[in-house]
Amino acid sequence: MAKSLVKKFKTAIIGLGSQALEDHLPAIKASQDVELVGIVEIDKQKIENFLKENKEIPIYLSFDDLIKKQKVDFVIICLPHYLHYEFTKKAISNKIHVLKEKPFAISLDQAKELRDLAKKNNVQIMVTMQRRFNPIYSTFLQLIYKIGKPFYIEARYCFYTDKPHEGWRGKKELAGGGCLLDMGYHIIDLLIWYFGLPDKVFAEMSAQAKEGISYDAEDTVRIIFKYEKEKIWGSLLVSRVIPPKQEYLDVYGTRGIIHLERGKIERYLPNGDLIESLKREYSWPSAAQDQIEYFIKVIRKEKENISSPEFHFNHLAFIKAAYKSVQINKYVNPKEFLDL
């Protein structure tokens with residue numbers, strides 16, 4: 001039998017959360033370029049459930065055990081926010097490339113340290129942003145020129161959970177922030193990808209959805225943002241206690257409107273008449289696979305890292321500006337935090 005001349009990159013998944021099981025594991029299995037050589041997990045129930053269908057994949061109880069017994073080209077980090085930093089540093093220090101779940105870091109100081117350490121060790125870090133590898137979202141960049149001059153953006157990402165206070169996500173000390181840093185990171189990424197970093201951010205936020213229960217990681221955020229030179233302004237609502245589940249971005253221009261959501265993008269005339277629509281089914285696992293295979297090309301220096309640490313400084317500056325705005329009750333320019 002002929003032997004393949006294409007080198008398979010050896011990877012390991014750190015943490016068996018929902019992202020690992022629903023996105024990364026199917027993507028690895030579907031890719032011809034990647035070999036899964038191990039899982040790092042300490043939760044016995046998660047391990048037991050995983051091994052029912054994946055008996056051939058080694059499980060390690062620590063990162064140190066993994067790298068002692070396996071040669072790993074890159075790791076996929078799918079851990080709670082408060083563990084990202086430690087494991088990312090450890091991977092970089094061992095000259096292992098990192099594909100990690102958002103956020104890139106929980107602060108700009110952490111982000112700068114990880115960026116500098118990665119450069120020192122000649123390691124690539126890429127943050128998982130599956131929307132960037134989904135044709136629905138990249139189509140926006142073609143349609144935006146058809147709606148004239150944009151003047152208003154409305155973005156929303158909401159769903160309902162009955163227990164926003166429970167687990168590490170309900171504690172700001174562990175999560176680094178609430179719904180804005182967590183789920184809101186995806187919508188912020190779209191704004192920055194499509195329009196760049198805003199010049200002004202004004203935010204209101206709360207953690208009051210449960211009567212008689214105290215928690216400090218915000219469950220609801222409303223942000224007003226402005227692009228002064230372009231004369232564009234907009235509103236962003238992020239909540240994990242407001243139903244129904246919705247995720248969309250609407251852009252209003254002088255010649256039309258774009259509506260973007262998971263699996264669908266539509267263009268309307270200014271009066272609201274629909275004139276074109278594009279839909280895609282079964283796109284999420286494919287996007288996760290495309291993302292992994294793109295990262296391999298980044299490691300090989302065949303592609304630019306489009307989700308690099310430097311790019312995510314913008315996201316963290318936006319989030320820092322929102323939190324500061326709440327404190328001082330004024331607009332804040334996120335660009336003032338980028339001089340690191």
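Throughout what follows, the structure given in this document is the object of discussion.

Conventions and cut-offs
Residues numbered from 1 in each chain as written. Predicted model: local features only at pLDDT ≥ 70, side-chain atom pairs only at ≥ 80, totals over all residues. Heavy atoms only, no water. Pairing = 2+ DSSP bridges. Helix = DSSP H or I, 4+ residues; strand = E, 2+ residues; numbered from the N terminus. Axes fitted to C-alpha atoms, helices over the stretch in contact; angles between N-to-C directions. Contact = heavy atoms within 4.5 Å. Core = buried A, V, L, I, M, F, W, Y, C linked by side-chain atoms within 4.5 Å. Buried < 20%, exposed > 50% of the residue type's maximum accessible area, 1.4 Å probe, protein only. Polar contact = N/O pair within 3.5 Å; in protein donor to acceptor, adjacent residues only side chain to side chain. Expected span 1.5 Å × (residues − 1). Phe/Tyr/Trp six-rings, centres within 6.5 Å; stacked < 30°, edge-to-face > 60°. Lys NZ or Arg CZ within 6 Å of the ring centre and 35° of its normal.

Regarding the sheet that holds strand β7 (residues 150–160)
Item 1. Strand order across the open sheet formed by eight strands is β8-β9-β10-β7-β11-β12-β13-β14, with mixed pairing between neighbours. Of all strands in the sheet, those with a lone pairing partner are β8 (200–206) and β14 (274–279), marking the two edges. Across the sheet, the mean angle from the axis of one strand to that of its neighbour is 15°, orientation sign disregarded.
Item 2. Alignment of β7 against strand β11 (residues 241–253), held across nine bridges, turns out to be antiparallel. Considered in β11, the bridge of Glu-154 is made with Asp-250.
Item 3. Here helix α6 (residues 135–143) sits on the sheet in contact with β11, β12 (256–261), β13 (264–268) and β14, set at roughly 170° to β12.
Item 4. The sheet strands contacting helix α8 (residues 184–195) are β7, β9 (220–227), β10 (232–239), β11 and β12, and the helix crosses β7 at an angle near 160°.

Points about the nonpolar core
For soluble globular proteins, nonpolar side chains are generally found buried alongside one another.
Item 1. Among the nonpolar cores identified, the biggest contains 74 residues, and Val-75, Phe-104, Phe-140 and Ile-223 are the most heavily contacted of them.
Item 2. A total of nine residues in this core trace back to one element, the largest contributor, which is α8.
Item 3. Filtering out sequence-adjacent residues up to four positions away, Phe-140 remains in contact with Tyr-194, Phe-195, Leu-249, Val-251, Ile-258, Leu-260 and Ile-265.
Item 4. Ranked by size, the runner-up nonpolar core spans 26 residues in total, among them Leu-25, Ile-76, Ala-288 and Phe-295.

Notes on unusual backbone geometry
Item 1. Backbone torsion omega between Lys-102 and Pro-103 reads -5°, so that peptide bond is classified as cis.
Item 2. Inspection of the secondary structure assignment puts Pro-103 in the loop between β5 (97–100) and α5 (108–120).
Item 3. Omega for the peptide link from Pro-243 to Pro-244 comes to -5°, which places this bond in the cis form.
Item 4. Tracing the chain through its elements places Pro-244 in strand β11.
Item 5. One non-glycine residue, Asn-122, lies in positive phi territory at about 55°.
Item 6. The topology assignment puts Asn-122 in the loop between α5 and β6 (125–127).
Item 7. A positive phi angle is found at Asn-329, which is not glycine, with a value near 60°.
Item 8. By secondary structure assignment, the location of Asn-329 is in the segment after α10 (309–328).
Item 9. A relative accessible area of 53% means that Asn-329 is categorised as exposed.

Considerations on the sheet that holds strand β1 (residues 9–14)
Item 1. Taken together, the six strands give an open sheet; going across it, the order is β3-β2-β1-β4-β5-β6, and neighbouring strands pair in parallel fashion. Since the sheet does not close on itself, it has two edges, and those belong to β3 (59–60) and β6, each with one partner.
Item 2. Of the pairings in the sheet, the one linking β5 to β6 comprises three bridges and is parallel in character. In the strand pairing of β6, Lys-100 is matched with Val-127.
Item 3. The strands touched by helix α1 (residues 18–30) within the sheet are β1, β2 (34–40) and β4 (74–77), with β1 carrying the most contacts at an inclination of about 170°.

Looking at the side chain of Arg-131
Item 1. If you trace the backbone, Arg-131 turns up in the loop between β6 and α6.
Item 2. Among the polar contacts made by the side chain of Arg-131, one reaches the side chain of His-186 at a distance of 2.9 Å.
Item 3. Among the polar contacts listed, one links the side chain of Arg-131 to the side chain of Glu-247, at a separation of 2.8 Å.

A few points about α1
Item 1. For α1, built from 13 residues, the straight-helix expectation of 18 Å at 1.5 Å per residue is met to within 8% by its first-to-last C-alpha distance of 18 Å.
Item 2. Of all the positions in α1, only Ala-20, Asp-23, His-24, Leu-25, Ala-27 and Ile-28 are classed as buried.

A look at the environment of Ile-223
Item 1. Relative to the assigned elements, Ile-223 resides in strand β9.
Item 2. The sequence separation of Ile-223 and Val-326 amounts to 103 residues, and the corresponding C-alpha distance is 9.9 Å.

Structural notes on the packing of aromatic side chains
Item 1. Going through the model one piece at a time under the given rule, you end up with twelve aromatic pairs.
Item 2. Seen in terms of ring centroids, Tyr-82 and Trp-168 are 6.4 Å apart; in terms of plane orientation they differ by 70°. Their pairing is edge-to-face. One end of the pair, Tyr-82, is in helix α4 (residues 81–93); the other, Trp-168, is in the loop between β7 and α7 (172–175), and 86 residues separate them in sequence.
Item 3. Cluster of aromatic residues (ring-pair linked, three or more members): Phe-140, Trp-193, Tyr-194, Phe-195, Phe-225 and Tyr-227.
Item 4. The ring of Phe-9 carries the charged tip of Lys-7 above its face, separated from the ring centre by 4.5 Å.

Concerning the pairing of β13
Item 1. Along β13, four of the five residues are buried, which leaves the element largely enclosed by surrounding structure.
Item 2. Taken together, the five bridges between β12 and β13 define a ladder with antiparallel strand orientation. Note that in β13 the partner of His-259 across the bridge is Glu-266.
Item 3. Here β12 folds back onto β13 in antiparallel fashion, the turn holding two residues, of which Gly-263 has a positive phi close to 80°.
Item 4. Both β13 and β14 contribute to a ladder of five bridges, which runs antiparallel. Within the sheet, the bridge partner assigned to Lys-264 lies in β14 and is Lys-279.
Item 5. Hairpin connection, β13 to β14: the antiparallel pair is bridged by five residues, and Gly-272 has positive phi, about 100°.

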